[in-house]
Amino acid sequence: MLPLEDLRVLAIEQFGAGPWGTMHLADLGADVIKIEDPSVGGDVSRHVPPGEDSSSLYFESFNRNKRSFALDLRHAQSRPVFEDLVAHSDAVFSNLRGDQPEKLRIRFDDLAPVNERIVCVSLSGFGTTGPRAADGAYDPTIQALAGWMSLTGGPDQPPTKSGLSLVDFSAGYVAAIALLGAVWKARRDGTGCDVDLSLHETALSLLTYMATWNATLGWKPMRLPDSAHQRLVPFQAFAAADGWIVVACAKETLWKRLCEAIERPDLAADARYAGFDGRDRNRDTLVPELQGVFGTRTAAEWEALLRANGIPCSPVKDVGQALADEQAEARGAVVEYEHPLLGQVRGVASALGASLTVPPASAPLLGEHNAEILTGICGYSPDRVAELVESGAFG
């Protein structure tokens with residue numbers, strides 16, 4: 001039995017953050033029913049190219065192993081259907097603007113009369129309270145507001161966002177963990193609750209030690225060259241003869257091994273570079289010494305030498321090279337499956353591990369599972385289903 005086979009989540013979600021979080025619940029065996037508004041063509045990410053007929057590769061990346069239920073929650077006939085689903089579910093999850101849960105009546109107080117153990121999780125840009133609650137938000141706007149862009153990029157470059165939507169992905173993970181915690185509490189105590197989460201607070205929480213240093217000591221981080229660490233040296237990218245290699249010495253023993261491996265015992269013996277503080281204070285002289293060394297060999301040669309000496313390092317690879325790496329291949333990190341419209345789709349396996357997760361299945365077509373959900377969960381007769389279809393509740 002899979003870990004979450006006894007969990008059912010109604011997901012009112014779109015784009016990245018919410019679908020990313022619920023996909024991991026689905027990977028663990030949960031029945032994630034993705035409620036999509038048929039009046040706008042479902043989750044907007046279905047239409048992000050490339051793709052075919054409202055099924056895009058972007059959408060595939062966030063929605064495997066789910067079921068799709070097309071339901072217009074603003075339609076007069078949709079509420080009884082939605083409440084019948086709530087009565088047989090553990091959680092209602094949404095990633096909409098912070099003012100939307102109240103408008104759609106999907107908070108705990110709205111749904112407790114139907115199911116007193118229902119958990120209502122809202123993941124929005126800024127939460128359901130505060131001056132920005134009704135504002136929309138996307139990953140880069142939150143990266144800007146939460147200070148991330150001030151930390152990213154070189155010192156002579158403009159503030160830069162991460163190359164990946166890390167706020168969205170992190171918030172998705174946070175939402176999945178919070179939902180599981182709330183469901184556990186509801187099953188133990190017999191009553192559900194609201195869980196109010198935000199991209200903004202997720203991003204602030206990920207400032208971690210930089211926030212602690214700043215809030216406690218007034219310390220101000222800087223954008224450093226070559227993706228260097230704020231305090232650890234060497235812990236950055238170095239230009240090799242044919243590319244770049246990242247070297248990370250986060251322990252004193254690693255620093256000493258590095259000096260031996262590059263045949264520079266003089267650096268290890270130099271009192272200026274003793275200890276973390278010494279190397280940080282004197283990075284302006286130390287880093288150029290190391291740059292001169294790393295420029296003498298290829299990235300592959302340095303990788304072989306440093307790995308042989310137990311020093312964490314890696315050449316900087318592009319996406320294709322990363323997917324083809326021998327470690328990714330050995331661990332089965334790239335998976336493939338057949339999609340009825342897109343043909344063979346290749347993507348990245350769940351990081352949760354094959355022993356806990358279901359094999360990847362294609363993301364659902366819009367409304368693909370309406371019939372089986374209406375009859376199997378709601379218990380509707382064919383006449384009742386026909387009546388609802390005629391009303392336009394399903395688009």
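Residues numbered from 1 in each chain as written. Predicted model: local features only at pLDDT ≥ 70, side-chain atom pairs only at ≥ 80, totals over all residues. Heavy atoms only, no water.

Participant: Describe the nonpolar core, listing the residues and the values that go with them.
Facilitator: Where a protein is soluble and globular, its nonpolar side chains tend to be buried together. Val-9, Leu-25, Phe-93, Val-119, Leu-123 and Leu-179 are the most contacted members of the largest nonpolar core, which has 32 residues in total. Listed by contribution, the elements that provide at least two residues to this core are β1 (8–12), α1 (17–27), β6 (91–94), β7 (119–124), α7 (166–189), β8 (193–198) and α8 (199–205). Ranked by residues supplied to this core, first place goes to α7 with eight residues. In this view, Leu-123 contacts Ala-17, Gly-18, Phe-93, Ser-94, Asn-95, Leu-96, Ala-171, Gly-172, Ala-175, Leu-197, Ser-198 and Leu-199; residues no more than four positions away in its chain are not counted. Within the second largest apolar cluster, 27 residues are counted, among which are Ile-35, Phe-69, Leu-104 and Cys-378. (Core = buried A, V, L, I, M, F, W, Y, C linked by side-chain atoms within 4.5 Å. Buried < 20%, exposed > 50% of the residue type's maximum accessible area, 1.4 Å probe, protein only. Helix = DSSP H or I, 4+ residues; strand = E, 2+ residues; numbered from the N terminus. Contact = heavy atoms within 4.5 Å.)

Participant: Give a detailed account of helix α14 (residues 299–308), specifying residues and quantitative values.
Facilitator: Restricting attention to buried positions, one finds in α14 the residues Ala-299, Trp-302 and Leu-306. Along the axis of α14, the buried residues cluster in a sector spanning 60°; they form a single face. Exposed residues on α14 whose side chains face more than 90 degrees from its buried face are Arg-307 and Ala-308. The secondary structure elements touched by the buried residues of α14 are β10 (244–248), α10 (252–261), α13 (283–294) and β11 (313–315). (Arc of directions from axis to C-beta.)

Participant: So what's going on with α10? Residues and values would help.
Facilitator: Residues Leu-254, Trp-255, Leu-258, Cys-259 and Ala-261 constitute the buried set of α10. Considered in projection along α10, the buried side chains sweep an arc of 165° and stay on one side of the axis. The secondary structure elements touched by the buried residues of α10 are β10, α11 (265–269), α12 (275–281), α13 and α14. Once α10 ends, the next one or two residues include Glu-263, with phi positive near 60°.

Participant: Now, about the pattern of salt bridges: what can you tell me, with residues and values included?
Facilitator: In total, this model carries 28 salt bridges according to the counting rule given. A salt bridge links Arg-188 to Asp-189; the nearest nitrogen and oxygen atoms lie 2.8 Å apart. Overall, Asp-189 belongs to the partly exposed group, its relative accessible area being 41%. Close ionic contact of Arg-264 with Asp-266 constitutes a salt bridge, the shortest N to O distance being 2.8 Å. (Salt bridge = Lys/Arg side-chain N within 4 Å of Asp/Glu carboxyl O.)

Participant: Before we move on, could you go through the side chain of Arg-264 and cite the residues and values that matter?
Facilitator: Tracing the chain through its elements places Arg-264 in the loop between α10 and α11. If we skip the residues at most four places from it in the chain, Arg-264 touches Cys-259, Glu-289 and Val-293.

Participant: How would you sum up the sheet that holds β7? Please name residues and give values.
Facilitator: Strand order in the open sheet formed by six strands is β5-β2-β1-β6-β7-β8, with parallel pairing between adjacent strands. Across the chains shown, the open sheet's two edge strands, defined by having one partner strand only, are β5 (67–70) and β8. Taking each pair of neighbouring strands and ignoring which way they run, the sheet shows an average axis angle of 20°. Taken together, the four bridges between β6 and β7 define a ladder with parallel strand orientation. When the sheet's bridge partners are listed, Ser-94 is paired in β7 with Ser-122. In the packing of helix α3 (residues 78–86) onto the sheet, contacts are made with β1, β2 (31–36), β5 and β6, and the angle to β1 comes to roughly 145°. (Pairing = 2+ DSSP bridges. Axes fitted to C-alpha atoms, helices over the stretch in contact; angles between N-to-C directions.)

Participant: I'd love a proper account of the pairing of strand β13 (residues 343–348), names of residues and values included.
Facilitator: Inspection of the sheet shows strand β12 (residues 334–339) paired to β13 by six bridges, in the antiparallel sense. The residue of β13 that forms the bridge with Val-334 is Val-348. The hairpin formed by β12 and β13 contains three residues between the paired strands.

Participant: Explain the packing of aromatic side chains residue by residue, including any values.
Facilitator: Scanning all chains against the criterion turns up 12 aromatic pairs. Ring centres of Phe-62 and Phe-169 lie 6.0 Å apart, and the angle between their planes is 35°; on these two criteria the pair is classed as tilted. You can see Phe-62 sitting in the loop between α2 (57–60) and β5 and its partner Phe-169 sitting in helix α7, a full 107 residues away along the chain. Judged by its relative accessible area of 7%, Phe-62 falls in the buried class. Between the aromatic rings of Phe-294 and Trp-302, the centroid separation amounts to 4.9 Å while the plane-to-plane angle is 65°, which identifies the pairing as edge-to-face. Among the residues examined, Phe-294 registers a relative accessible area of 0% and is labelled buried. Residue classification places Trp-302 among the buried positions, given a relative accessible area of 2%. Through a chain of ring-to-ring contacts, three or more aromatic side chains come together here, namely Phe-15, Trp-20, Tyr-58, Phe-62, Tyr-138, Phe-169 and Tyr-173. (Phe/Tyr/Trp six-rings, centres within 6.5 Å; stacked < 30°, edge-to-face > 60°.)

By themselves, these are just geometric observations and shouldn't be taken as functional.
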